[in-house]
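Chain by chain, the residues run as shown.
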Amino acid sequence: MNASRIALVTGANQGLGRALVEGLAARMHPADLVLLTGRDQRRVSDAAADVAGLPGTRARVEGRVLDVTDTDAVARLADELRARHGGVDIVVSNAVARVLPDESQSARADEFIDVSNTATHAILRSFGPVLRPGGRLLVVASSLGTLGHLDPRLHPLFDGASLDQVEYAVESWRSAVHRGTATEAGWPVWLNVPSKVAQVAAVRAVAAERRDRDLASGILIASVCPGMVDTATSRPWFSDYSQAQSPAEAARAVLDLLLAEQVDPALYGELVRFGKPLTWHDGTPPVEQDRLVRP
């Protein structure tokens, strides 16, 4: 078994994912390996070469093509890392599909759900079992991922749900969007809200099953909110960016969580923002945002 640490970041060609790769490569050791993943071979190769050439880079950086919506490909990579390295130490699920405010939410639903939710489920299922002692698995979500952002009628679908039940709820939501019945069932028009709630619920489901043995092994599984980040994906949604962070600034708190020597049990399985857990039942439905997007 290789004693060096192995880190994997999905959606890492640009924005926060790229900043996380840069931060890991600078803060990990020369024998460690950081895998930068994305769907486009050229962009992945170019990004990995760029990070490897930065003055502060210490760890090895390699690019790997990975379509996170391909559950078989996710499983194959997890199996490969287990076979070659005995597992993995750091996994960050960060991929997201860009949707603009003037685009139809229902027309983009499949891609958005596949990248944000199907991929999250696949990564939790495939990489959770190959985490080595002291490992970290973080899903990048947002503060919109607390349950209160959904209509109370939908809370039972996610509150205390298993991963299979979360997956079923996501597919029920997808079907309702395609049938045109989602709004009457209480689902927000804005895809981002149910998607984020489902991501956080999926993490909570896996963490509930593993908590005791993970804490005994120094493993952390959690979702994270990096705060407002000035990226091409988020910029079209906000008029005031005066408080937005650069990707490098937003990456710092996430990197601190990934590289902390000890696991804070209060953070295990929770949605964490700037090192503090957010209350799962907080939030209010996004009435104003729903008025700004196209169904």
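Residues numbered from 1 in each chain as written. Predicted model: local features only at pLDDT ≥ 70, side-chain atom pairs only at ≥ 80, totals over all residues. Heavy atoms only, no water.

Is there a simple way to think about the overall build of the protein in this case?
For the protein, the helix and strand inventory stands at nine helices and eight strands. Relative to a compact globule of 295 residues, whose C-alpha radius of gyration would be 19 Å, the protein shows 18 Å and is just as compact. For the protein, the C-alpha atoms occupy an extent of roughly 55 × 40 × 35 Å along the three principal directions. Per-residue burial over the protein gives 53% buried out of 295 residues. Counting contacts in the protein only where the partners sit at least 6 residues apart, residues at least 24 apart contribute 79% of the total. On the protein, roughly 13,000 Å² of surface is accessible, and the fraction owed to carbon and sulfur atoms is 49%. (Helix = DSSP H or I, 4+ residues; strand = E, 2+ residues; numbered from the N terminus. Rg over C-alpha atoms; globule rule 2.2 N^0.38 Å. Buried < 20%, exposed > 50% of the residue type's maximum accessible area, 1.4 Å probe, protein only. Contact = heavy atoms within 4.5 Å. Areas by Shrake-Rupley, 256 points an atom, 1.4 Å probe, with all protein chains shown as cover.)

Explain the nonpolar core here, please?
Nonpolar side chains in soluble globular proteins tend to end up buried together. In this structure, Leu24, Phe127, Phe158 and Leu258 are the most contacted members of the largest nonpolar core, which totals 102 residues. Here this core gets ten residues from one element, more than from any other, and that element is helix H7 (residues 192-216). (Core = buried A, V, L, I, M, F, W, Y, C linked by side-chain atoms within 4.5 Å.)

Any chance you could explain the sheet that holds strand E7 (residues 271-273) here in plain terms?
Sheet strands pair via backbone hydrogen bonds, and the direction of the pair is either parallel or antiparallel. Sheet architecture is open: eight strands sit in the order E3-E2-E1-E4-E5-E6-E7-E8, paired in mixed fashion. Each end of this open sheet is capped by a strand with a single partner; those strands are strand E3 (60-65) and strand E8 (276-277). Two elements, strand E5 (residues 131-140) and strand E6 (residues 220-225), share five bridges in a ladder whose sense is parallel. Bridging across to E6, Val139 finds its partner in Ser223. Along the sheet, helix H4 (residues 109-127) makes contact with strand E1 (6-9), strand E4 (88-93) and E5, crossing E5 at roughly 175 degrees. Along the sheet, H7 contacts E5, E6 and E7; its crossing angle with E6, the most-contacted strand, is approximately 155 degrees. (Pairing = 2+ DSSP bridges. Axes fitted to C-alpha atoms, helices over the stretch in contact; angles between N-to-C directions.)

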